[in-house]
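Read off the chains here:
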Amino acid sequence: MSQQDILPAIEGGTPVFPEPLFVLPEFTEEEIKTVVNVLKSGELTLAAKGKYTKIFEKAFAEFIGSKYAIAVMNGTAALHVALRAIGVKPGDEVITTPFTFVATASSIVHQNAIPVFADIDRKTFNIDPASVEDRITEKTKAVIAVHIAGHPAEMDDLMKIGEEHNLIIVEDAAQAIGAEYRGRKVGSIGSIATFSLYLSKNITTGEGGMVTTDSEEYWRKAQLIRHHGQTRSYHYEEIGYNYRMTELQAALGYVQLKRINQLNERRREIVKIYNEVLEGEEALILPISKPYVKHVWHIYNILLKLEKLRVNRDRIVQALKMENIPISTAYPSVLYLEPAFQRMEGHGNGCPWSCPFYGKKISYFKGLCPNAEWVSERVFTLLTMPSITDEQAVKIAEAVRKVVRYYKVA
Ligand SMILES: Cc1ncc(COP(=O)(O)O)c(C=O)c1O
């Protein structure tokens with residue numbers, strides 16, 4: 001191995017990939033043909049004779065093991081629909097994790113409710129049930145548990161807390177299509193659940209989302225909210241939205257769902273390669289999978305042992321980018337320290353935080369969730385898109401190994 005191969009590209013060495021490696025989803029001929037046929041038919045929406053939204057919903061509900069599924073335009077809309085369907089109201093508190101994509105918490109604000117952040121587990125990065133219990137007040141209405149990176153949250157403990165305190169447990173399964181907790185698919189455990197079908201997700205319709213539930217009441221409500229609160233032509237029962245999924249998305253999702261197990265298996269194979277190459281690296285903590293879950297590895301989050309490194313996480317990520325590998329940081333900060341939450345401007349006039357229905361004061365400060373802050377300071381993310389080849393996966397992991405070894409303290 002030459003000096004050039006040991007030296008990170010950012011320090012003048014040769015990058016592992018000569019050009020940036022972009023990884024995108026790949027579609028089968030059947031998927032492409034089905035979408036083209038929908039285009040040819042002209043029936044592009046559920047509102048105009050479309051059939052795919054309905055059959056996709058039915059197939060998705062069957063796959064998850066829930067009674068109902070409601071297709072929507074993205075995972076953020078799915079969260080909004082779910083919170084509205086369960087009756088989250090202005091001034092309610094909803095407990096969630098700060099170590100998640102922003103939509104988990106902003107959807108609470110969309111309902112004029114207050115996000116209350118509970119801490120996470122340092123190993124799975126999922127919400128810590130003990131911290132949830134700690135945050136419960138007379139205002140708490142619901143908890144949103146996120147199955148982060150595809151690893152299921154501790155649903156047994158969370159459901160027990162829900163029962164004891166009369167709280168509704170919502171699953172944000174955006175990153176966890178097909179994941180299982182003690183033999184049950186996530187999305188079928190809480191009272192209502194949401195999924196994202198965004199480009200990087202375990203199945204994708206480009207943009208897309210799904211709500212699942214066993215409750216007929218929530219299902220009816222969710223359908224109304226998705227479609228302007230309309231019960232029949234030009235008759236509106238309540239204020240709703242246009243959150244419908246297009247038939248093009250639904251057709252793609254319907255056909256692709258048939259190979260979800262295969263796609264998740266491919267992600268596991270890529271993770272196996274990352275584990276093999278990186279196992280034993282002194283400056284890294286590799287992600288784990290609890291023995292009673294089926295992890296679907298939406299992403300692969302590595303922690304840096306900063307005390308063993310001469311540089312911080314941001315420098316490592318910058319160096320990895322220069323190796324031209326696909327990399328990101330999910331997530332570089334806890335949500336409550338982001339300006340959108342610090343400023344508490346919300347919808348204007350400080351709503352919902354200063355809403356008279358709330359009548360309380362909450363503050364988001366450094367130290368609120370120490371474990372989440374600890375994780376967000378040292379995490380970085382490798383992608384697990386099924387289109388990554390074995391050879392690319394080896395090279396991606398080797399790039400990580402090269403960079404962390406170079407910056408290790410002597
Ligand atoms: C945990 C989580 N919740 C919600 C969302 C929102 O989904 P979408 O991007 O489809 O709106 C995402 C998407 O990245 C997510 O990862």
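Being a predicted model, the structure only gives us computed values, none of them experimental.

Novice: Give a description of the overall build of the chain that names residues and reports values.
Specialist: If you tally the helices and strands in the chain, you get 14 helices and 16 strands. A compact globule built from 410 residues would reach a C-alpha radius of gyration of about 22 Å, and the chain, at 22 Å, matches this within 12%. With respect to the three principal axes, the spread of C-alpha positions in the chain is 75 × 55 × 40 Å. Roughly 17,800 Å² of accessible area belongs to the chain as shown, and the carbon and sulfur atoms make up 52% of that amount. Distance between charge centroids for the chain: 2 Å, based on 48 positive and 49 negative side chains.

Novice: Outline the sheet that holds strand β3 (residues 114-117), supporting the account with residue identities and numerical values.
Specialist: Spatially, 7 strands are ordered β1-β9-β8-β5-β4-β2-β3 in an open sheet, and the strand pairing comes out mixed. One side of each edge strand has no neighbouring strand; the edge strands of this open sheet are β1 (68-72) and β3. Geometrically, the sheet is characterised by an average inter-axis angle of 25° between neighbouring strands, direction not taken into account. Relative to strand β5 (residues 168-172), strand β4 (residues 140-146) runs parallel, the two being bridged by 5 bridges.

Novice: I'd like to hear about the pattern of salt bridges, residue by residue, with values.
Specialist: Evaluation of the coordinates by the stated rule reveals 21 salt bridges. Between Glu30 and Lys258 there is a salt bridge, with the nearest N and O atoms lying 3.7 Å from each other. Within this pair, whereas Glu30 is found in helix α2 (residues 29-41), its partner Lys258 is found in the loop between α9 (247-256) and α10 (260-278), the two being separated by 228 residues in sequence. The exposure class assigned to Lys258 is exposed, which follows from its relative accessible area of 56%.

Novice: Lay out the packing of aromatic side chains with the relevant residues and their values.
Specialist: Within this structure, the stated rule accounts for 16 aromatic pairs. On the numbers, 5.9 Å between centres and 85° between planes, the contact of Phe117 with Phe341 is edge-to-face. Here Phe117 is found in strand β3, whereas its partner Phe341 is found in helix α12 (residues 339-342), with 224 residues between them in sequence. As far as the burial class goes, Phe117 and Phe341 line up, both buried. With centroids separated by 4.9 Å and ring planes inclined at 10°, the aromatic side chains of Tyr241 and Tyr243 adopt a geometry described as stacked. Relative accessible area serves as the criterion here: at 24%, Tyr241 is assigned to the partly exposed category. Given a relative accessible area of 14%, Tyr243 falls into the buried group. An aromatic cluster is present here, built from Phe117, Tyr336, Phe341, Trp353 and Tyr364 joined pairwise through their rings. Looking at Arg122, its charged tip hangs above the ring of Trp374, at a distance of 4.0 Å from the centre. Looking at Arg310, its charged tip hangs above the ring of Tyr406, at a distance of 5.4 Å from the centre.

Novice: Can you break down the domain arrangement of the chain residue by residue, with the values?
Specialist: Per the domain assignment, the segments of the chain are domain 1 (3-23 + 260-331 + 373-406) and domain 2 (29-259). The distance between the C-alpha centroids of domain 1 and domain 2 comes to 29 Å. With 26 residues of domain 1 at the contact, the number on the domain 2 side is 32 residues. Around 2,600 Å² of area is buried between domain 1 and domain 2 when both sides are counted, 61% of it from carbon and sulfur atoms. By the criterion of area lost to domain 2, the three top residues of domain 1 are Ile260, His298 and Tyr331, representing 28% of everything that side buries. Where the side of domain 1 that touches domain 2 is concerned, the elements lending two or more residues are α10, β13 (293-294), β14 (299-304) and α13 (370-378). Residue contributions to the side of domain 1 that touches domain 2 peak at 6 residues, all from α10. Here the side of domain 1 that touches domain 2 is built from residues that sort into 15 nonpolar, 8 polar and 3 charged.

Thresholds applied
- Residues numbered from 1 in each chain as written.
- Predicted model: local features only at pLDDT ≥ 70, side-chain atom pairs only at ≥ 80, totals over all residues.
- Heavy atoms only, no water.
- Helix = DSSP H or I, 4+ residues; strand = E, 2+ residues; numbered from the N terminus.
- Rg over C-alpha atoms; globule rule 2.2 N^0.38 Å.
- Areas by Shrake-Rupley, 256 points an atom, 1.4 Å probe, with all protein chains shown as cover.
- Lys, Arg positive; Asp, Glu negative; His and termini not counted.
- Charge placed at Lys NZ, Arg CZ, Asp CG, Glu CD.
- Pairing = 2+ DSSP bridges.
- Axes fitted to C-alpha atoms, helices over the stretch in contact; angles between N-to-C directions.
- Salt bridge = Lys/Arg side-chain N within 4 Å of Asp/Glu carboxyl O.
- Buried < 20%, exposed > 50% of the residue type's maximum accessible area, 1.4 Å probe, protein only.
- Phe/Tyr/Trp six-rings, centres within 6.5 Å; stacked < 30°, edge-to-face > 60°.
- Lys NZ or Arg CZ within 6 Å of the ring centre and 35° of its normal.
- Domains from an automatic or database assignment.
- Contact = heavy atoms within 4.5 Å.
- Buried area = accessible area lost by both parts, 1.4 Å probe.
- Nonpolar A, V, L, I, M, F, W, Y, C, P; charged D, E, K, R; others polar.

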